[in-house]
Each structure stands twice: as C-alpha cells, then as structure tokens.
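Here is what each chain is made of, one letter per residue.
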Amino acid sequence: MNLKENLSSLKPFLRSIKYNWLNKSTEINYQLAEILNKVEPQKIYPLAYIVGCGRSGTTILGNLFSEHPHITYLFEPYHLWSNIDIQTDVLNLFHLGSSKLLMDLSDSSHEAKQRFNYFFQTKAQKNTKLIIEKTPLNALRIGYLETLSPNAKYIHIIRDGFEVSSSIDKLATNNDYKIAGKPDLNQWWGVNYSKWDILANEGKKVGYYSDEIIYLKDNLSKGVYEWLVTLKEMDKWRNILNNNLLEITYTQFTNQPENTLKEICTFLELEYPLSWLNKVVKEVRKSSIKKPKELFLPKKMCDDFNYYQKKYGFQNIGKYQ
C-alpha cells in the first residue's frame, strides 16, 4: 500500500476524531463560560444566512465571502448547531435518535437562543462587520432561525432541479465520505438514512406530496423531493422576510459573478473592496454535472417541478411516471 492509499485509509478515523473533538470541546467551552459568567457576548454582530437546497452553489458562494475582509464565515457548523439543540442533528453525526428538519418558532427556547448567541457571536474575528453562516438545511428552518436572530438576512440560491438532483444522486450513491464508527453513514442522507426518513415523515405530515412519497425509490427522485420541499418552505417565508431576503439563481451567479456579488454586498450593507472582488470573481467556475436524459416523477411532483423550472428560467422539464 503506497503513501496515498495509507492516507486515504486514515481519513475515516481522522474525521471521527475531528467530529468528536469539535462536539465535545464546544460543549466544554460553553460550560466554562457559564461558570465564569461569560455566556452573554460583549458585542452582537449582524447575521446573514446562505440557504438553498444542497448542491445549489451555496458552498462556492460562501467560500467567496469567506475571503471578504469584514466577514466571519461559518461553513456548515453542524457541531455548533448540535450543541445549540441536538434535534438539529438530522444526519446523526453526534447522536443516534430523533431529530427535526422543518423547525419553526415553537422549536426554540431561551437556552437555545443563549447558546446560539454564545457559539456564533464569539466566533467573530477581528474587523468583522457581519457573520455569515452557510448550512443549506437551514432553508427548512427559517421560522426557528427567526427566533434566534430576528433581524438576520437571507441569501437564497436556486439551481436547476435536474442539476441539483443529479448531484445529490451522485453523492448519495457513490457514498465516498466515511467516518470511523459510523458504518451506516450515507454521505447525503445520514446514518441509516436518518435525514431522508425525517424529511419524508415531516413532509408527509405537512402535506408535501403525501400520497407520492411512497413512489420515490431512488436517490435521484428523493433529491428532487428535497429540492421541491426547500423551495416550498422558502415560498412560505418570502413575504414575511420581505427586504431581508435576496434570491439569486446559480445561473445568474455563474454567468454574472461580479454583478451578483455586488448586488449581494449591497443587500448586506457591505462595501465590496476591489482587491477582494477582482480576486474572487476569478474563482467562480461553472460546474458540469452529468444530468439524466429524462426525469420521471409522480404527477403532482412533476407538475411542481416543471413549474419551478419555468419560474426560475431553467430549460429542463420532468415527465410523468
């Protein structure tokens, strides 16, 4: 076995150490802060969230803003969320048990808000004017986030449903991301498909294609379901969030990165230094995804899929099963 293979075989163990350390050290730090009466942060920074169905371009967008001189960027801090409220751990990375995806105002608590402020605000770096958090699943938790950070802003990125579901299908099927001690972890759907089970069960309860979920047998169609539920949840909040919500498409972002980044900075009330803008624009690349030639879906899902595709200017359409 060569060096590259040795390193590859070690990755699952290193990931297990990383996740355990992040989770435990986060809780220990909070407990120490409680003892020292330092739970309340001295300064509260404004917050913004990058949301959207996973595989929609949230990562590349977030990475660009991580280089902004006045932004503290938090990339998918699952360990922070699990320490704020364990029910957010839908992938079961830190526990085995019940979790929630569609979270609203009733899921919050005083302790959750206190933990949220401590974990997020103490991450602010020098010269920070804004904290940006990126966890795609938060698109399903807008009501919950509003209780934690009432004045937050949201950047919602939407991508072609064919491309999103194809990317989800590839990740969930190849399942290359392994963590030692979690043999049943699926890279996309979590331990024992926990995320899918929660999404399907909660979606069914609120009426998202309740009679069609049973027909979703593969990762491709399940990926479409997540894409649709994400868009429908954002539909619920669009008018409520009003000026605190900015929506862009992945096509708009990759075709006109400079204009899009300027628009986002203006929305966030941030300057866009030319040194930063010129650098990050060059980092924007269109990703090529092998899309299915045809996508067959149950009737209601297919109708809504095609509706959203047309609404956001995407050309591909689904067909009835």
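Rules behind the numbers
- Residues numbered from 1 in each chain as written.
- Predicted model: local features only at pLDDT ≥ 70, side-chain atom pairs only at ≥ 80, totals over all residues.
- Heavy atoms only, no water.
- Helix = DSSP H or I, 4+ residues; strand = E, 2+ residues; numbered from the N terminus.
- Buried < 20%, exposed > 50% of the residue type's maximum accessible area, 1.4 Å probe, protein only.
- Contact = heavy atoms within 4.5 Å.
- Areas by Shrake-Rupley, 256 points an atom, 1.4 Å probe, with all protein chains shown as cover.
- Lys, Arg positive; Asp, Glu negative; His and termini not counted.
- Charge placed at Lys NZ, Arg CZ, Asp CG, Glu CD.
- Salt bridge = Lys/Arg side-chain N within 4 Å of Asp/Glu carboxyl O.
- Axes fitted to C-alpha atoms, helices over the stretch in contact; angles between N-to-C directions.
- Parallel < 35°, antiparallel > 145°, perpendicular 65-115°, else oblique.
- Left-handed = near helix turned anticlockwise from the far one by under 90°.
- Nonpolar A, V, L, I, M, F, W, Y, C, P; charged D, E, K, R; others polar.
- Core = buried A, V, L, I, M, F, W, Y, C linked by side-chain atoms within 4.5 Å.
- Arc of directions from axis to C-beta.
- 1 Å grid on protein atoms, 1.4 Å probe; cavity = no way out; pocket = protein on both sides within 12 Å on 5 of 7 lines; lining within 4 Å.
- Points joined across faces, edges and corners; volume = space filled by probe spheres on them.
- Pairing = 2+ DSSP bridges.

Engineer: Hey, could you run me through the overall build of the protein chain in this one?
Structural biologist: Each helix and strand in the protein chain was counted, giving twelve helices and nine strands. Taken along its principal axes, the extent of the C-alpha atoms in the protein chain is 60 × 50 × 45 Å. In the protein chain, buried positions account for 54% of the 321 residues. Relative to all contacts within the protein chain whose residues are 6 or more apart in sequence, the contacts with residues 24 or more apart total 76%. Summed over all atoms, the accessible surface of the protein chain reaches about 16,000 Å², with 51% contributed by carbon and sulfur. The positive charge centre, built from 42 side chains, and the negative charge centre, built from 35, are 4 Å apart in the protein chain.

Engineer: Would you take a moment to explain the pattern of salt bridges for this structure?
Structural biologist: Close approach of charged atoms allows side chains with opposite charge to pair. Considering all chains together, one arrives at 17 salt bridges under this definition. For E269, the salt bridge goes to K153, with nearest N and O atoms at 3.1 Å. Within this pair, whereas E269 is found in the loop between helix 10 (257-267) and helix 11 (274-281), its partner K153 is found in strand 4 (residues 153-158), the two being separated by 116 residues in sequence. Note on E269: relative accessible area 68%, which makes it exposed. Judged by its relative accessible area of 15%, K153 falls in the buried class.

Engineer: Sorry if this is basic, but what is going on with the packing of helix 6 (residues 161-174) against helix 8 (residues 219-241) here?
Structural biologist: Describing two packed helices takes the angle between their axes plus the distance from one axis to the other. The geometry of helix 6 relative to helix 8 is characterised by a closest axis approach of 8 Å and an angle of 130° between their N-to-C directions. Here helix 6 is positioned oblique relative to helix 8, judged by the angle of their axes. By crossing handedness, the relation of helix 6 to helix 8 is classed as right-handed. Two secondary-structure elements touch here, helix 6 through G161, V164, S165, S166, I168, D169, A172 and T173 and helix 8 through N219, L220, G223, V224, E226 and W227. Classifying every residue of the contact of helix 6 with helix 8 by side-chain character gives six nonpolar, six polar and two charged.

Engineer: I keep staring at the packing of helix 8 against helix 12 (residues 299-311) and nothing clicks. Help me out?
Structural biologist: Interhelical geometry of helix 8 versus helix 12 gives an angle of 60° and a closest axis separation of 11 Å. Note on packing geometry: the crossing formed by helix 8 with helix 12 is left-handed. Two secondary-structure elements touch here, helix 8 through S221, V224, Y225, W227, L228, L231, K232, D235 and R238 and helix 12 through M301, D304, F305, Y308, Q309 and K311. Split into classes, the residues belonging to the contact of helix 8 with helix 12 amount to eight nonpolar, two polar and five charged.

Engineer: Can you help me understand the nonpolar core in this one?
Structural biologist: Buried together is how nonpolar side chains tend to be arranged in soluble globular proteins. Core analysis: the largest hydrophobic core is formed by 44 residues, its most contacted members being W196, L199, Y225, W227, L228, M301 and F305. Looking at this core, the elements with two or more residues in it are helix 6, helix 7 (194-206), helix 8 and helix 12. Residue contributions to this core peak at seven residues, all from helix 8. Other than its neighbours up to four places away in sequence, M301 contacts Y209, E212, L216, S221, V224, Y225 and L228. Counting 29 residues, the second-largest nonpolar core is a separate cluster that includes V39, Y49, L80 and A139.

Engineer: What exactly am I supposed to notice about helix 2 (residues 58-66) here?
Structural biologist: At 3.6 residues per turn, the α-helix brings residues three or four places apart onto the same side. Within the sequence span of helix 2, burial applies to T58, L61, G62, L64 and F65. All buried residues of helix 2 lie within an arc of 155° about the axis, which places them on one face of the element.

Engineer: In this structure, what is going on with the environment of Y308? I would like to understand it.
Structural biologist: Summarising the element assignment, Y308 is placed in helix 12. Sequence-wise, Y308 and L199 are 109 residues apart; in three dimensions their C-alpha atoms are separated by 20 Å. For Y308, the contacting residues outside a window of four places in its chain are W227, L228, L231, K232 and D235.

Engineer: Before we go on, may I ask you to explain empty space enclosed by the protein in this structure?
Structural biologist: In this structure the tally under the stated criterion is one cavity of 30 Å³ or more. Considered as a void within the structure, the largest cavity measures approximately 80 Å³ in volume. Here the lining of the largest cavity is built from residues that sort into six nonpolar, three polar and two charged.

Engineer: Sorry if this is basic, but what is going on with the layout of surface pockets here?
Structural biologist: Empty space among the atoms can be located by rolling a probe the size of a water molecule over them. Its volume calculated, the largest pocket comes out at about 850 Å³. Around the largest pocket sit 40 residues that line it, and R55, F75, E76, Y78 and W188 are the ones nearest its centre. If you list the elements that add at least two residues to the lining of the largest pocket, you get helix 1 (3-35), helix 2, helix 3 (78-84), helix 6, strand 5 (185-186) and helix 8. Residue composition of the lining of the largest pocket, by class: 20 nonpolar, twelve polar and eight charged. The calculated volume of the second largest pocket comes to roughly 250 Å³. As for the second largest pocket, its lining consists of 15 residues, and the residues nearest its centre are L102, M103, D104, E202 and V206.

Engineer: Help me out: how do you make sense of the pairing of strand 4 in this one?
Structural biologist: The two faces of a sheet get side chains in turn, since along a regular strand they alternate between them. Most of strand 4 is tucked away: six of the six residues are buried. Neither face of strand 4 is left uncovered, since the one carrying K153, I155 and I157 and the one carrying Y154, H156 and I158 both have all their residues buried. As judged from the four bridges shared by strand 1 (residues 47-51) and strand 4, these two strands associate in the parallel manner. Note that in strand 4 the partner of Y49 across the bridge is Y154. Alignment of strand 4 against strand 7 (residues 245-249), held across five bridges, turns out to be parallel. Within the sheet, the bridge partner assigned to Y154 lies in strand 7 and is L245.

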